[in-house]
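Each chain, written out:
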Amino acid sequence: MMRSALLLLAAAVHVAASYPANCCQSLKSKLPGQVFLSNEATYAQLNNQRWSNTSILAPNCVFQPKAPEDVSKGVKLLVTNSCPFAIKSGGHNPIPGANNIDGGVSIVLGALNQIELASDGKTVRLGTGARWGQVYKAFADKGLLVPGGLCGGTGIGGVSTGGGESYLLASHGWVVDNVVNYQVVLASGAIVDANQKSNSALYKALKGGGNNFGVVTRIDVVAIEQPKIWGGSILLPYFPDSAIATLNAITNFTTLSNTQPNNGAQVVITYTATGQALIALSVASTDGTVNSTGLAPFTSLQPQIANTVGLRTISDIVTELDANQADGFRDTSATITFKNDPATLFAVHNASDQVYLKYNATVPYLDWVVFYVPTAKIDSTHAAARGGNVLGLEDNPEDLIVAFITPRWLDAAQDPVMYEMAREWVDAVTKAAGVNRHRFLYQNFAAPSQKPLCGYGAKNVEFMKGVSKKYDPGEAFQKLVPGGFKVSKAC
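Cut-offs applied
Residues numbered from 1 in each chain as written. Predicted model: local features only at pLDDT ≥ 70, side-chain atom pairs only at ≥ 80, totals over all residues. Heavy atoms only, no water. UniProt positions renumbered as here; feature names shortened; annotations may be inferred. Pairing = 2+ DSSP bridges. Helix = DSSP H or I, 4+ residues; strand = E, 2+ residues; numbered from the N terminus. Axes fitted to C-alpha atoms, helices over the stretch in contact; angles between N-to-C directions. Buried < 20%, exposed > 50% of the residue type's maximum accessible area, 1.4 Å probe, protein only. Contact = heavy atoms within 4.5 Å. Domains from an automatic or database assignment. Salt bridge = Lys/Arg side-chain N within 4 Å of Asp/Glu carboxyl O.

Where an unreviewed UniProt entry is consulted, the protein appears under the name FAD binding domain protein, with the organism given as Lentithecium fluviatile CBS 122367. The UniProt entry for the protein carries the following text under Sequence similarities (unreviewed entry): "Belongs to the oxygen-dependent FAD-linked oxidoreductase family."

This is the structure we're talking about:
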């Protein structure tokens, strides 16, 4: 009896161990030349192409489809055989498992890198394997400004389904508000278009719903005729006076955005492992106005170490920003949103500093990076024109600030410490924000311990659950795709 039980246990262990490999072999047979096992050079090349080393895991194979039809065949096979898988667009999310998987299949969309202008001369078609930096470069000489991510290395897919902050928040809304069509591969393998006329519920759910409903293979975005913008970076030393002035400038700029929406900005405060403390302002007048009064709260700050602001293309500006977001570190993230109030901002910033000081004393190499993104009331008014989104900000009565951290380190042994740091940061800044904390959490920078989909509000959560049930009745993207924030576990 005991021997039989041991034999059964051994057989079960063998099946569990070989199961993902069988998924890979089946996929490799069906899609030759697109599936790479761990002993192949292409596997390492594709698996390691990620912004943060924390997201380099060990899938049993990497599947790089060449066309949406290949995604369809692959997803249908994986779902039919209950094979776990991950989906990678640009691979910028640093959270382990967000765009990769240990065991199972890693779907890498890099070959779906279509970047073209539609026949109407206004809409751009973007494969979700492309990067935003590539998009900006492609249209730099065409006089078009495309609403997209402020980091050139971010993928089209993650930004266009997670929300999407940009310089155009006040003038055109979130990136998702500028998407007019999603091409999606469903769990059944069906390839569908989701827009205001066709699959409209899916279209709305994808605008903030992440990877809960299918694999997005292409998006169509409305571009803006704008050859150059007046923008760039301003670098300040971090002194008490300059820090106070910068925090006040953030609140002033946020309020001003409601009446002067053709301006965008992002503030980054960095304490480097080498002992420097810097304030980096990324600003833009998106209609090309030189010395825009809307940017005065930032451009007037002194003393300035460097200033690259001028009439430039978005491609040039983003390339410059990317130099400060190097690959090859270990990174994590966490976020909070709160009312645009000076006292609240100061309290949050002070609480953030205290967490940094604690961990800087124990982590051998630590770059502490804090972002503040002005998020005015006007930002959410653009969603309704294209069927709304699920971010839950359309009834927001007040100006907000979205803050997030992306600290980086080198030693993998420090990973548990840094993940605990992210949880502690969330607790500290949430307490500091108090009654002025807002429920919204930007999911592309949320920590694993956070629940950004819940922050969209109960109505939107129920709506997304309904869309999931309709388009993915077997819950493949809830059960087989562990990465991302799942609507089935939203609250």
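Student: When you look at the sheet that holds strand E1 (residues 35-37) in this model, what are you seeing that I'm missing?
Tutor: Adjacent strands of a sheet pair through backbone hydrogen bonds, lying either parallel or antiparallel. What the four strands build is an open sheet, ordered E1-E2-E4-E3; its pairing is mixed. Pairing within the sheet leaves two strands with one partner each, and these edge strands are E1 and strand E3 (85-88). Taken pair by pair, the neighbouring strands of this sheet meet at an average axis angle of 20°, ignoring direction. Pairing between strand E2 (residues 61-63) and strand E4 (residues 105-108): three bridges, direction parallel. Within E4, the residue paired with cysteine 61 across the bridge is valine 105.

Student: Whenever I open this one, the environment of glycine 163 confuses me. Can you help?
Tutor: With respect to the helices and strands, glycine 163 occurs in the loop between helix H5 (156-162) and helix H6 (169-172). Among the residues examined, glycine 163 registers a relative accessible area of 0% and is labelled buried. It is 7.8 Å that separates the C-alpha atoms of glycine 163 and asparagine 444, two residues lying 281 residues apart in sequence. For glycine 163, the contacting residues outside a window of four places in its chain are Trp174, Val175, Val176, Gly208, Leu391 and Tyr442.

Student: What's the story with the domain arrangement of the protein in this structure? I'm lost.
Tutor: Accessible area lost upon the coming together of the parts serves often as the stated size of an interface. As far as domains go, the protein holds domain 1 (23-108), domain 2 (115-225) and domain 3 (229-452). One C-alpha centre belongs to domain 1, the other to domain 3, and the line joining them spans 32 Å. At the interface, nine residues of domain 1 touch 16 residues of domain 3. At the surface where domain 1 touches domain 3, the tally comes to zero salt bridges.

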